[in-house]
Amino acid sequence: MPLILLIESSTEVCSVALSSNGRILAIKENQHGLSHSELLGVYIRDILKENKLSTSQLDAIAVSKGPGSYTGLRIGVSIAKGICFAAQKPLIAISSLDAMANYIAQNPDEYNLEINNNTLIAPMIDARRMEVYTRMYDSKGLALDEITAKIIDKDSYSEILTSKKILFCGNGAFKCSDTLTNENAIFTEPEKASARFMLNLAEESFNNLDFVDVAYFEPYYLKDFVATIPKNKIIS
């Protein structure tokens, strides 16, 4: 089975894991604050060193492709590309939303969840105010629609919630809990993204030779980066 380095940097979480044969062999992550530029390289170096590996021994690198933090995605993808170029390894790109939904569907007991055919999964990544990046999945973690930037109000998902239970998770979900009050709206862990959620999809992509072009691949930002200008300019 492939030996894959997993890199998750699409949110405030900085996470690196090493996987093989359907198992996470090692993981290092910081769940607080955007410190990706400082920690990603250190985590990768330490995981490889502690497992007595070099990048040449990896079979592939998998990286979160978005949507999410513009800066976090740019840093994670840049580091992943650098390793792929230097070690001549293939690159796998996985949506954090896909990874989270797949993980929940495969591991409901970890979060004390009961999932059946009448259950949908809606991971959410925080965008701003009441906006989230989200996508709907069935009980097996298979996507049912496209990734969108959605503004949540009291009418969001109302038609679906009349007949189905929706599991909302991710760092954008809990800010919506006071707005989505239907009894079929269930707010659950995981709240934070993690490289370990990428395991199954990364191995599946590797076995299917589903790689992205290292030279031309760009993260899926979903929305353009907007630079802001401070109100109080400092004149030197």
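Up top is the structure these notes are about.
The rules behind the values
Residues numbered from 1 in each chain as written. Predicted model: local features only at pLDDT ≥ 70, side-chain atom pairs only at ≥ 80, totals over all residues. Heavy atoms only, no water. Core = buried A, V, L, I, M, F, W, Y, C linked by side-chain atoms within 4.5 Å. Buried < 20%, exposed > 50% of the residue type's maximum accessible area, 1.4 Å probe, protein only. Helix = DSSP H or I, 4+ residues; strand = E, 2+ residues; numbered from the N terminus. Contact = heavy atoms within 4.5 Å. Phe/Tyr/Trp six-rings, centres within 6.5 Å; stacked < 30°, edge-to-face > 60°. Lys NZ or Arg CZ within 6 Å of the ring centre and 35° of its normal.

(A) Spatial organisation of the nonpolar core. Grouped together as the largest cluster of nonpolar side chains are 29 residues, with contacts concentrated most on Ile-4, Leu-6, Ala-62, Ile-94, Ile-104 and Ile-121. Of all the secondary-structure elements, those providing two or more residues to this core are β1 (3-8), β4 (60-64), β5 (91-94), α3 (96-106), β6 (119-128), β9 (165-169) and α5 (199-207). The element that contributes the greatest number of residues to this core is α3, accounting for seven residues. Those residues within four positions of Ala-62 in sequence are excluded, and the remaining contacts are Ile-4, Leu-5, Leu-6, Ile-7, Ile-92, Met-198 and Ala-202. Within the second largest apolar cluster, 24 residues are counted, among which are Ile-47, Val-77, Cys-84 and Val-214.

(B) Region of the structure containing the packing of aromatic side chains. Here the structure, examined in full by the defined rule, presents seven aromatic pairs. Measuring from ring centre to ring centre gives 6.3 Å for Phe-174 and Phe-187, while their planes differ by 45°; the resulting arrangement is tilted. A residue pair is termed long-range when its members are at least 10 positions apart, and Phe-174 in the loop between β9 and β10 (185-187) and Phe-187 in strand β10 qualify at 13 residues. Ring geometry for Phe-206 versus Phe-211: centroids 5.9 Å apart, planes at 65°, classification edge-to-face. Its relative accessible area of 29% is what places Phe-211 among the partly exposed residues. An aromatic cluster of three or more residues is present, and its members are Tyr-157, Phe-168, Phe-174 and Phe-187. One residue, Lys-150, lies across the ring of Tyr-157, its end atom 5.1 Å from the ring centre.

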